[in-house]
Protein chains: 2
Amino acid sequence: MMSCRIPVLFSGLLLIANVGAADELRDRANAIFKPIPDKVTQVRGQAVSDDQARLGHKLWFDPRLSRSHVISCNTCHNLSLGGGDNVPTSIGHGWQKGPRNSPTVLNAVFNAAQFWDGRAADLQAQAKGPVQAGVEMNNTPDRVVATLKSIPEYANAFKEAFPNDKDPVSFDNMAYALEAFEVSLTTPNSPFDRFLKGDDKALDAKQKEGLALFMDSGCSACHNGVNVGGQGYFPFGVIKKPGAEILPSGDKGRFTVTNTATDEYVFRAAPLRNVALTPPYFHSGEVWELEQAVAIMGDSQLGRTLKPDEASAIAAFLRSLTGTQPQVAYPVLPPSSADTPKPE
Amino acid sequence: MMSCRIPVLFSGLLLIANVGAADELRDRANAIFKPIPDKVTQVRGQAVSDDQARLGHKLWFDPRLSRSHVISCNTCHNLSLGGGDNVPTSIGHGWQKGPRNSPTVLNAVFNAAQFWDGRAADLQAQAKGPVQAGVEMNNTPDRVVATLKSIPEYANAFKEAFPNDKDPVSFDNMAYALEAFEVSLTTPNSPFDRFLKGDDKALDAKQKEGLALFMDSGCSACHNGVNVGGQGYFPFGVIKKPGAEILPSGDKGRFTVTNTATDEYVFRAAPLRNVALTPPYFHSGEVWELEQAVAIMGDSQLGRTLKPDEASAIAAFLRSLTGTQPQVAYPVLPPSSADTPKPE
């Protein structure tokens, strides 16, 4: 009997030790990160109406926002694929390749600013960019408004969504409706979030080791908060510039926004929620494997060559950031009329 | 009081006369057309399993079936837009323009054969075409199978959908799963269908006039059956060839399938279900207005210049062919693995 009792006692002690370690790890993590809230129903402090969100849902999938009538918001921020497009840089009008990898729309509401260089303060401002970009949807605000006004059901939907506006079908309101939809695109309930809330079993041993390494090595100095990133701007290559294929010299990042020398090759710290779903990595989209991306970050940002099992543990932790993906209906869009501008 | 009674009696007589006319029109129509059934759950006589339809639903929206990872089945057969793409001819790999207008997938299960020239006997055979076409998805069966096998959730889903196959992830099974999904893409309950089933008020007076004209003028000689077309092959320009912009001389239609001289410029009679949602019209996609398309058909197929109010009444009838659009979820797709072939 004694030979039985000892292991039982021993495993009991281990359990207590683990619980203590998990609690400590959780406390440290909760000081740096926050779980994704279950639901977001506000845009910058203002409640989103159902009419606005419903309209935004249709606009999100409508290729008629593009000049060709082929490209929608969802083309590059595909809700089937983690809210990005899983290609190095997006393909837009005329099969042109965009300059940077498409950032995920999922949880984008939690970023301090939008785009890799933070040039849009919020999602409404962001939404106006790709619609007009020559390499993306290649449209103009006037043409978009003419398109939306030509479609009777859209004209009504804008009236319902913006009942106090004299001229409700506007480029601004289009962007606001898109934002009203996008705030619903959150991914709560990831294993990491469940761990933060007290579920020790939500992360396995390797993921916990990765989380500890992520905090101890300095990753969380930039990648923190609810989105595990997306809050501040940092030079890519704090310690050592990565190779030109990963950091092309022609893209000076936030410098083009601020025109300040110290902002050369500065980018918004990538938000890492659902990062396992959104390869390839970095603004250049040149790295497909999460372990390799982690190793590059160690070199360039921390000046530290991570051992393979360290990079692997951090990647395992990052895979715990995949949350419940939004369940979205594929909308039936209102038909064009004879007045709708034709695709070009 | 008498002055009141007479109109009441008179309107009573009119009602009886209308009911009689509607019944006669309905009887004639029911001899030529058939309502869309509420649900299709079979593929060529074989019951579709939920696992097959679910898998097909994912494959339908998956851009990784294309070489670029950007184009899915739904790009050109957009379920938001009546199952076509509302551009003259589809835009595919490298922004190449396809040779013909994208036919709607909605109710395609009821067509006798698929494509404008009927070169695919069924939807399974059809599905293999665009995936391989250089101007569309530009992929190869081997590469598609390698892609699907590299994604563990797909490998499992194929196993569940095709439990008796030794090697369930195959190009054939991909196409079969797509077909299993596509048979659900029907649009019952159009005003015309409700009229066929006995609801006199489902069509207004102009639509009834249009229906009568459609049958009396000879349109229904080719456009008949459940899909109001899609059953047989006819020369475009039976009586008079339309202009070269509408009937380009380079596209000889079914001739390229049968290599038979009498099949030059022969096409499958377009199925007209939901035709109001699928401009532009004809295989060349050069005509945007339904009334104009009807007038061209009158000239070219019937040798009859339809008066504007006749073309307008027929178009009004055709608008009654828009049924309840399928309600489809936008699926969350299984993530790629390190072995997944990269986009090109």
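Residues numbered from 1 in each chain as written. Chains lettered and ligands numbered in written order. Predicted model: local features only at pLDDT ≥ 70, side-chain atom pairs only at ≥ 80, totals over all residues. Heavy atoms only, no water.

Per an unreviewed UniProt entry, the recorded name for chain A is Cytochrome-c peroxidase, and the organism is Stutzerimonas marianensis. Looking at the Subcellular location (unreviewed entry) heading of the UniProt record, one finds this comment for chain A: "Periplasm". (UniProt positions renumbered as here; feature names shortened; annotations may be inferred.)

Our focus in this paragraph is the side chain of Gln52 of chain A. All names here are of chain A. By the element assignment, Gln52 lies in helix H2 (residues 50-61). Owing to a relative accessible area of 9%, Gln52 belongs among the buried residues under this scheme. Polar contacts involving the side chain of Gln52 include one to the main-chain amide nitrogen of Ser49, which spans 3.0 Å. Within the structure, Gln52 has its side chain in polar contact with the backbone oxygen of Ala161 (distance 3.2 Å). Each residue touching Gln52, except ones within four places of it in the same chain, is listed here: Ala47, Ala161, Phe162, Tyr176, Ala177 and Ala180. (Helix = DSSP H or I, 4+ residues; strand = E, 2+ residues; numbered from the N terminus. Buried < 20%, exposed > 50% of the residue type's maximum accessible area, 1.4 Å probe, protein only. Polar contact = N/O pair within 3.5 Å; in protein donor to acceptor, adjacent residues only side chain to side chain. Contact = heavy atoms within 4.5 Å.)

Moving on, we get to the environment of Val131 of chain B. Residue and element names in this part refer to chain B. Relative to the helices and strands, Val131 is located in helix H4 (residues 123-132). For Val131, a relative accessible area of 1% gives the class buried. Those residues within four positions of Val131 in sequence are excluded, and the remaining contacts are Leu65, Met137, Asn138, Asn139, Val144, Phe171 and Met174.

Contacts between the two partners involve 37 residues from chain A and, on the opposite side, 37 residues from chain B. Here chain A packs against chain B, burying approximately 2,800 Å² in sum over the two surfaces, 71% of which is carbon and sulfur. When the buried area of chain A at its contact with chain B is split by residue, Ser80, Trp95 and Tyr330 of chain A rank highest and sum to 28% of it. Across the chain A-chain B interface, the total number found is zero salt bridges. Between the two partners, chain A and chain B, sit 10 residue pairs in polar contact (both at pLDDT 80 or more). (Buried area = accessible area lost by both parts, 1.4 Å probe. Salt bridge = Lys/Arg side-chain N within 4 Å of Asp/Glu carboxyl O.)

What follows covers the packing of helix H9 (residues 205-216) of chain B against helix H12 (residues 308-319) of chain B. The angle between the axes and the distance between the axes are what describe a pair of packed helices. All names here are of chain B. At a minimum axis separation of 7 Å, H9 and H12 run at an interaxial angle of 100°. One way to sum up the angle between H9 and H12 is to call them roughly perpendicular. On H12, the residues that touch Lys206, Gln207, Glu209, Gly210, Leu211, Leu213 and Phe214 of H9 are Asp309, Glu310, Ser312, Ala313, Ile314, Ala316, Phe317 and Leu318. (Axes fitted to C-alpha atoms, helices over the stretch in contact; angles between N-to-C directions. Parallel < 35°, antiparallel > 145°, perpendicular 65-115°, else oblique.)

A few words now on the packing of aromatic side chains. Residues and elements named next belong to chain A. A full pass over the atoms with the stated rule returns 21 aromatic pairs over all chains. Between Phe33 and Phe192 the ring centres are 5.4 Å apart and the planes differ by 80°, which places this aromatic pair in the edge-to-face class. Here Phe192 lies in helix H8 (residues 191-196) and Phe33 lies in the loop between helix H1 (2-32) and strand S1 (42-43), a separation of 159 residues in the sequence. Taken individually, Phe33 and Phe192 each receive the classification buried, so the pair is uniform in this respect. Relative to Phe317, the ring of Phe214 has its centre 5.2 Å away and its plane inclined at 55°; by these criteria the two rings are tilted. Placement of the pair is Phe214 in helix H9 (residues 205-216) and Phe317 in helix H12 (residues 308-319), with a sequence separation of 103 residues. (Phe/Tyr/Trp six-rings, centres within 6.5 Å; stacked < 30°, edge-to-face > 60°.)

Below, the discussion takes up the UniProt feature "domain: Cytochrome c" (unreviewed entry) in chain A. As recorded in UniProt, the feature "domain: Cytochrome c" (unreviewed entry) lies at residues 205-322 of chain A. Spanning residues 205-322 of chain A, this segment combines 35% helix with 5% strand, and its end C-alpha atoms are found 17 Å apart.

The operation relating chain A to chain B is a screw motion whose rotation component is 180°, with 0.0 Å of axial translation and a residual RMSD of 0.0 Å. One copy is carried onto the other by what is essentially a two-fold rotation axis. When C-alpha positions in chain A are compared against the rotation axis, the closest is assigned to Ala329 of chain A, at 2.1 Å. Both copies present the same face, since 100% of the interface residues in chain A are matched by interface residues at the equivalent positions in chain B. (Least-squares fit on C-alpha atoms with pLDDT ≥ 70 in both.)

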